[in-house]
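Report on the structure
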Amino acid sequence: MEGDRTLICHRCKVKLVKAQTSFEYLGHSFHSDMLRCPRCGQVFIPEEIVKGRINEVEMMLEDK
Amino acid sequence: MGKVIRDTFSVCPICLERVPARRVRTGDEVRLEKTCPVHGDFSVVVWRGKVDHDEWLGGAPAIAPGENEACPTACGLCGEHLQDTCCILLEVTSRCNLSCRFCFAGGGDAHDPTTDPPPGRIREWLSRVVRPGKSLVHLSGGEPTLRDDLPQLVAICKELGCKYVQVNTNGIRLARDEGYVKALAEAGLSFVFMQFDGTEDGIYEALRGRPLLATKKRAISNCALQNIGITLVPTLVPGVNTQNIGDILRYAVKSSPAVRGVHFQPVSFFGRIPAAPRDEDRFTLDELLLEIEEQAGELIGLENLAPSQCNHPFCGFHGDFVVMPSRLVPLTRRGATAPAGGAFAGAASGSNGCCCGSVQADRNREFIGRRWTRPRPDGAGHAACCGTGTDLGDMEYFLRRVKSHGFTVTAMAFQDAGNLDLERLRRCSLHVCDAGRLIPFCSYYLSAWQRA
């Protein structure tokens with residue numbers, strides 16, 4: 001996790017803020033708070049979230 | 001005159017010799033037809049056309065010339081078997097405390113506990129087939145709970161590295177012996193598969209020889225006390241309990257999260273059977289699908305039940321759901337398939353899916369292991385799953401709720417000497433451990449019929 005570091009958008013040079021972000025997979029929609037640029041909307045998803053929670057959701061939905 | 005839609009192989013029901021066979025379509029019905037040079041012609045219905053046969057079959061290939069020529073005699077597994085082991089089934093006793101009309105294992109012929117294989121031998125057998133960190137073992141019988149040392153056998157499985165340990169049982173001892181259930185839980189039992197033929201005692205009297213509904217309910221309750229997930233397993237016999245399918249499902253959903261799902265098994269004619277079957281004695285997979293929709297359509301849609309991918313599509317189906325306070329939410333949608341590695345990895349690499357045997361068997365095992373295991377009742381999890389939230393769109397809530405209230409509707413259509421199709425058998429992933437060898441279930445239990 002990012003800990004005490006402040007993350008900024010590479011393009012806009014503004015601080016990322018937590019915002020509800022939508023995901024869709026295999027016809028199911030989810031939302032979770034992720035860091036997002038308030039200007040351009042670019043979302044930052046940390047690797048540990050992808051390999052952790054998001055991977056878990058995928059496994060729960062994937063076919064046998 | 002029917003049309004041959006697929007050439008395959010089967011066995012003669014009388015002598016069990018391998019014979020060529022054909023799947024023949026007449027109207028909507030599909031039959032398996034074969035001729036034994038000694039015992040003559042045989043024909044059995046395998047699909048009644050309630051669901052589109054070709055669509056369900058999908059792209060499952062026929063047996064090509066020269067393929068699987070030693071099937072089924074070279075079992076153990078032969079080098080041409082097309083599927084890895086998803087589950088290992090091990091008979092730990094031939095004794096039983098029931099004498100059922102139908103019994104795949106022909107159980108109950110033994111009464112002497114000294115005929116049970118000792119724990120040391122079981123350890124030796126399993127050590128040859130268990131893959132540490134991966135295997136799912138079914139302890140079966142006869143009735144495995146007749147063994148007082150069953151908790152010790154569960155512990156042996158865990159010591160050998162089995163990821164999941166399941167007991168297949170009629171539930172009689174689980175109902176009356178809470179201490180035994182506790183010992184099984186403490187030994188590391190993962191979940192229970194319990195025979196559950198219906199919600200009316202008349203069904204049990206017809207199939208099992210006595211009323212058992214109250215016993216089944218107590219078994220569910222005792223497993224719940226120990227946080228052991230339990231899946232209900234009806235054997236479906238036309239005219240006995242096929243009209244009870246909807247009630248079974250509704251009862252099972254109401255009993256979530258203790259009950260993790262229902263696993264339907266249309267009656268098969270091997271082991272102990274009352275008589276060789278006629279067509280009207282059979283209940284095909286597509287008939288089951290239609291009955292689920294007709295009897296429990298408010299809970300489950302046909303589009304949420306998908307053909308088996310780990311085994312052959314005609315071997316069964318699966319549907320994955322989450323039990324919510326006022327509805328059953330489907331997670332499975334027929335036709336929706338995941339990209340390899342998940343949404344992120346697939347998009348990044350552009351790679352195609354791997355459908356090789358061991359990957360599919362591993363995935364199948366993990367799917368059922370995750371669903372049928374009840375999560376530990378820690379404070380945070382319990383509060384979250386039983387709180388007032390109902391938003392499955394919230395990722396965190398979804399993950400907690402699926403773990404606590406996941407529910408599966410599955411089916412397995414075992415084969416017998418009448419309808420055995422080697423195109424299916426070669427893809428079987430349920431393997432019986434026979435003194436350290438692995439034999440596909442329908443091959444191991446294959447038994448000849450007596451000629452009338």
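**Some remarks on the interface of chain B and chain A**
Of the residues lining the interface, 32 residues belong to chain B; the matching set on chain A comes to 22 residues. Of the roughly 2500 Å² buried between chain B and chain A, counting both surfaces, carbon and sulfur atoms make up 62%. At the boundary of chain B and chain A, one finds two salt bridges. Linking Arg53(A) and Glu396(B) is a salt bridge whose minimum nitrogen-to-oxygen distance equals 2.6 Å. For the interface between chain B and chain A, the tally reads ten residue pairs in polar contact (both at pLDDT 80 or more). Contributing elements (two or more residues each) for the side of chain B that touches chain A: β13 (316-323), α10 (342-349), α11 (357-372) and α13 (395-405) of chain B. The element best represented in the side of chain B that touches chain A is α11(B), accounting for seven residues. When grouped by side-chain class, the residues that make up the side of chain B that touches chain A number 14 nonpolar, nine polar and nine charged.

**Digging into the packing of helix α8 (residues 245-254) of chain B against helix α9 (residues 285-296) of chain B**
Residues and elements named next belong to chain B. Two elements in contact, α8 and α9, have axes separated by 8 Å at closest approach and are oriented at 65°. Taken together, α8 and α9 sit at an angle that is classed as roughly perpendicular. In this structure, α8 crosses over α9, and the sense of that crossing is right-handed. Seen from α8, the contacting residues are Ile245, Gly246, Leu249 and Arg250; seen from α9, they are Leu288, Glu291, Ile292, Gln295 and Ala296.

**Observations concerning the pairing of strand β11 (residues 259-266) of chain B**
All names here are of chain B. With eight of eight residues buried, β11 lies mostly within the body of the structure. In this structure, strand β9 (residues 229-233) lies alongside β11, joined through three bridges in parallel fashion. Bridge pairing in β11 links Ile230 to Val259. Strand direction decides the pairing type here: strand β10 (residues 235-236) and β11, joined by two bridges, are parallel. Across the sheet, Thr235 pairs through a bridge with Gln265, a residue of β11.

**Notes on the pattern of salt bridges**
Per the counting criterion, the structure on display carries 31 salt bridges over all chains. Ionic pairing is found between Lys51(A) and Glu47(A), a salt bridge with its closest N-O pair at 2.7 Å. Linking Lys51(A) with Glu47(A), this pair stays in helix α1 (residues 47-61), spanning four residues, or about one helical turn. Asp281(B) is the salt-bridge partner of Arg278(B), the closest N and O atoms lying 2.8 Å from each other. Each member of the salt-bridge network shares a partner with another, and the members are Asp84(B), Arg131(B), Lys134(B), Asp362(B) and Arg365(B).

**Thoughts on the sheet that holds strand β1 (residues 17-25) of chain A**
All names here are of chain A. The strand order across the open sheet formed by three strands is β1-β2-β3, and the pairing between neighbours is antiparallel. The two strands at the open ends of the sheet, each matched to only one other strand, are β1 and β3 (43-44). By the bridge criterion, two bridges tie strand β2 (residues 28-36) to β3 in an arrangement that is antiparallel. Residue pairing across strands places Arg36 opposite Val43, the latter belonging to β3.

**Re the nonpolar core**
Residue and element names in this part refer to chain B. With 79 residues, the main nonpolar core has Leu139, Leu249, Phe264, Ile292, Phe317, Phe407 and Val409 as its most contacted residues. Counting contributing residues per domain, this core is built from domain 1 (3-77) and domain 2 (87-412), each supplying no fewer than three. Excluding residues that lie within four positions of it along the chain, Phe317 makes contacts with Trp56, Leu285, Leu288, Leu289, Ile292, Leu305, Ala306, Pro307, Ser308, Val409, Thr410 and Ala411. Counting 38 residues, the second-largest nonpolar core is a separate cluster that includes Val11, Phe191, Ile203 and Cys310.

**Digging into the sheet that holds strand β1 (residues 3-11) of chain B**
Residues and elements named next belong to chain B. Read from one edge of the open sheet, four strands run β1-β2-β3-β4, paired in antiparallel fashion. The open sheet terminates on both sides in strands that have one partner only, identified here as β1 and β4 (40-47). Pairs of neighbouring strands in the sheet enclose a mean axial angle of 25°, with direction left out of account. The sheet contact formed by strand β3 (residues 29-36) and β4 spans seven bridges and is antiparallel. Bridged to Cys36 within β4 is Gly40.

**Side note on helix α3 (residues 150-159) of chain B**
Residue and element names in this part refer to chain B. By the burial criterion, the buried members of α3 are Leu150, Pro151, Leu153, Val154, Ile156 and Cys157. Packing partners of the buried residues in α3 comprise α2 (119-127), β6 (136-140), β7 (164-169) and α5 (178-187). Positive backbone phi, approximately 105°, marks Gly161, located one or two places after α3.

**Here's the deal with helix α6 (residues 201-208) of chain B**
Turn by turn, an α-helix covers 3.6 residues, leaving residues three or four places apart pointing in a common direction. Residue and element names in this part refer to chain B. Listing the buried residues of α6 in full gives Ile203, Tyr204, Leu207 and Arg208. Projected onto a plane normal to the axis of α6, the buried residues spread over an arc of 95° and lie on a single side. Of the surrounding secondary structure, the elements contacted by the buried residues of α6 are β8 (191-195), α7 (213-225) and β10. Phi for Gly209, located one or two positions after α6, is positive at around 90°.

**Comments concerning the side chain of Thr8(B)**
All names here are of chain B. By the secondary structure assignment, Thr8 is in strand β1. Here Asp421 takes part through its side chain, which lies 2.6 Å from a polar atom of the side chain of Thr8. Thr8 has contacts with Pro20, Ala21, Arg22, Leu32, Ile63, Asp421, Leu422 and Glu423, leaving out every residue within four places of it along the chain.

**Some details on the state of the cysteines**
Residues and elements named next belong to chain A. Counting across every chain of the model gives zero disulfides over all chains. You can see Cys40 has no disulfide; the closest cysteine sulfur is in Cys37, sitting 3.7 Å from it. In this structure Cys40 comes out as partly exposed when scored by relative accessible area, which is 34%.

**Overview of the side chain of Thr410(B)**
With respect to the helices, strands and loops of the structure, Thr410(B) is situated in strand β15 (residues 406-412). Only 2.7 Å separates the side chain of Thr410(B) from the side chain of His263(B), close enough to count as a polar contact.

**A word on the domain arrangement of chain B**
As a measure of interface size, the accessible area lost when the parts come together is often cited. All names here are of chain B. Considered domain by domain, chain B is made up of domain 1 (3-77) and domain 2 (87-412). Listed by partner, the interface residues are 16 residues for domain 1 and 20 residues for domain 2. Interface area for domain 1 against domain 2, summed over the two sides, is near 1500 Å², with a carbon-plus-sulfur share of 65%. It is Arg48, Lys50 and Trp56 in domain 1 that bury the most area against domain 2; as a group they hold 49% of the surface buried on that side. Taken together, the connections running from domain 1 to domain 2 amount to two salt bridges. Taking the shortest distance from any N to any O, the salt bridge between Glu287 and Arg48 comes out at 2.4 Å. Between the two partners, domain 1 and domain 2, sit nine residue pairs in polar contact (both at pLDDT 80 or more). The greatest single-element share of the side of domain 1 that touches domain 2, amounting to five residues, is contributed by β4.

Conventions we followed
Residues numbered from 1 in each chain as written. Chains lettered and ligands numbered in written order. Predicted model: local features only at pLDDT ≥ 70, side-chain atom pairs only at ≥ 80, totals over all residues. Heavy atoms only, no water. Contact = heavy atoms within 4.5 Å. Buried area = accessible area lost by both parts, 1.4 Å probe. Salt bridge = Lys/Arg side-chain N within 4 Å of Asp/Glu carboxyl O. Polar contact = N/O pair within 3.5 Å; in protein donor to acceptor, adjacent residues only side chain to side chain. Helix = DSSP H or I, 4+ residues; strand = E, 2+ residues; numbered from the N terminus. Nonpolar A, V, L, I, M, F, W, Y, C, P; charged D, E, K, R; others polar. Axes fitted to C-alpha atoms, helices over the stretch in contact; angles between N-to-C directions. Parallel < 35°, antiparallel > 145°, perpendicular 65-115°, else oblique. Left-handed = near helix turned anticlockwise from the far one by under 90°. Buried < 20%, exposed > 50% of the residue type's maximum accessible area, 1.4 Å probe, protein only. Pairing = 2+ DSSP bridges. Core = buried A, V, L, I, M, F, W, Y, C linked by side-chain atoms within 4.5 Å. Domains from an automatic or database assignment. Arc of directions from axis to C-beta. Disulfide = S-S within 2.5 Å.

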